[in-house]
Amino acid sequence: MVLGATPIGNLSDASPRLREIMASAHLIAAEDTRNFHHLAQGLGVRPTGRVMSLHEHNETHKISEVLEAVRDGATVLVVSDAGMPAVSDPGFPLVAAALDEGLLVTAVPGPSAVLTALALSGLPTGRFTFEGFLPRKAGERRKRLQALESEERTMVFFEAPHRLAAFLQSLLEVFGAERQIAVARELTKKFEEVRRGSVPELLAWAQDGVRGEIAVVVSGAQAPAAGKPEDHVGQVQQLITAGTRMKQAVAEVAEARGLKKRELYEAVLAARQQGEK
């Protein structure tokens, strides 16, 4: 079974490997069969295999059919409307079921809205987390954002254009006005646009309405100040009391708090000597 990454906008981004397997696969499981046929036509590809639908509403019922084809030796291509299947798109339950049976699952990599938006955002890319679509209801969306308020990694979200302003309003209420964000729309398409700035700035822009596929990249929370090594001796002592060796406890706390291990180790020893007096 092959997961095929399809273009997120520009058809020229389709890889030669994707074109080849679209033409040769025995079975193509597509999120929307009409969109797949339009893609094939646009790429000048004539599929020889059977095309079936596999979307969020029928996936659980179609899994057995797809896996049976894989067991019989068929090459099965799984595609979503754009990007990589199973990433905010149908495919994950199918992949999990195939792996549970020990069946081979591979991928034809390609376009990714997540990585494209992240790279174009101008925000730190070394560590990031993909959060996908947040709940539509304001209260549930706010709870999810509150759980991410102290997240230090850059965050990538997907959002529908007609809900972008509401999303940014929730972001402002929970994260505050200082966070830097980027809103990427219509990536790789003719009217591609990436707006960068603070939450209030982009909220004001979004109020007038936005069109197209949307990805929002949000800067992570600032790490708390490390403080003095002496301030964290108690944490080390708690780990030691719980059974952690002193050297390991010092290393864990130092890494978490951005401290130098040697300075924290010396502070722990000094505290012990003080306690013995």
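Conventions adopted
- Residues numbered from 1 in each chain as written.
- Predicted model: local features only at pLDDT ≥ 70, side-chain atom pairs only at ≥ 80, totals over all residues.
- Heavy atoms only, no water.
- Helix = DSSP H or I, 4+ residues; strand = E, 2+ residues; numbered from the N terminus.
- Polar contact = N/O pair within 3.5 Å; in protein donor to acceptor, adjacent residues only side chain to side chain.
- Contact = heavy atoms within 4.5 Å.
- Salt bridge = Lys/Arg side-chain N within 4 Å of Asp/Glu carboxyl O.
- Buried < 20%, exposed > 50% of the residue type's maximum accessible area, 1.4 Å probe, protein only.
- Phe/Tyr/Trp six-rings, centres within 6.5 Å; stacked < 30°, edge-to-face > 60°.

Enquirer: Please give an account of the side chain of S80 that cites residues and values.
Expert: The residue S80 is located in the loop between β4 (76-79) and α4 (92-100) in this model. At 3.5 Å, the side chain of S80 and the backbone oxygen of G83 are in polar contact. Every residue in contact with S80, bar those within four places of it in the chain, is listed here: T6, E31, P85 and D89.

Enquirer: An account of the pattern of salt bridges is requested, with residue identities and associated values reported.
Expert: Within this structure, the stated rule accounts for 12 salt bridges. Where R142 meets E173, a salt bridge forms, and the shortest distance between an N and an O atom there is 2.9 Å. Placement of the pair is R142 in helix α6 (residues 138-147) and E173 in helix α7 (residues 164-175), with a sequence separation of 31 residues. Where R185 meets E193, a salt bridge forms, and the shortest distance between an N and an O atom there is 3.1 Å. Accessibility expressed as a relative area gives 14% for R185, which makes it buried. A residue is classified by how much of its surface remains accessible, and E193, at 22% relative accessible area, is partly exposed. Salt bridges here are not isolated pairs; linked through shared partners, they connect R50, K62 and E65.

Enquirer: Tell me what's going on with the packing of aromatic side chains, and back it up with residues and numbers.
Expert: Scanning all chains against the criterion turns up three aromatic pairs. Aromatic side chains F130 and F158 sit 5.0 Å apart centroid to centroid with 65° between the ring planes, which places their arrangement in the edge-to-face category. Here F158 lies in strand β7 (residues 154-159) and F130 lies in strand β6 (residues 128-133), a separation of 28 residues in the sequence. Relative accessible area serves as the criterion here: at 13%, F158 is assigned to the buried category. Three or more aromatic residues link up through ring pairs in this structure, and these residues are F130, F133 and F158.

Enquirer: Quick one: what's the story with the environment of E68, residue by residue and with numbers?
Expert: Mapping E68 onto the fold places it in helix α3 (residues 59-71). Judged by relative accessible area, which is 45%, E68 ranks as partly exposed.

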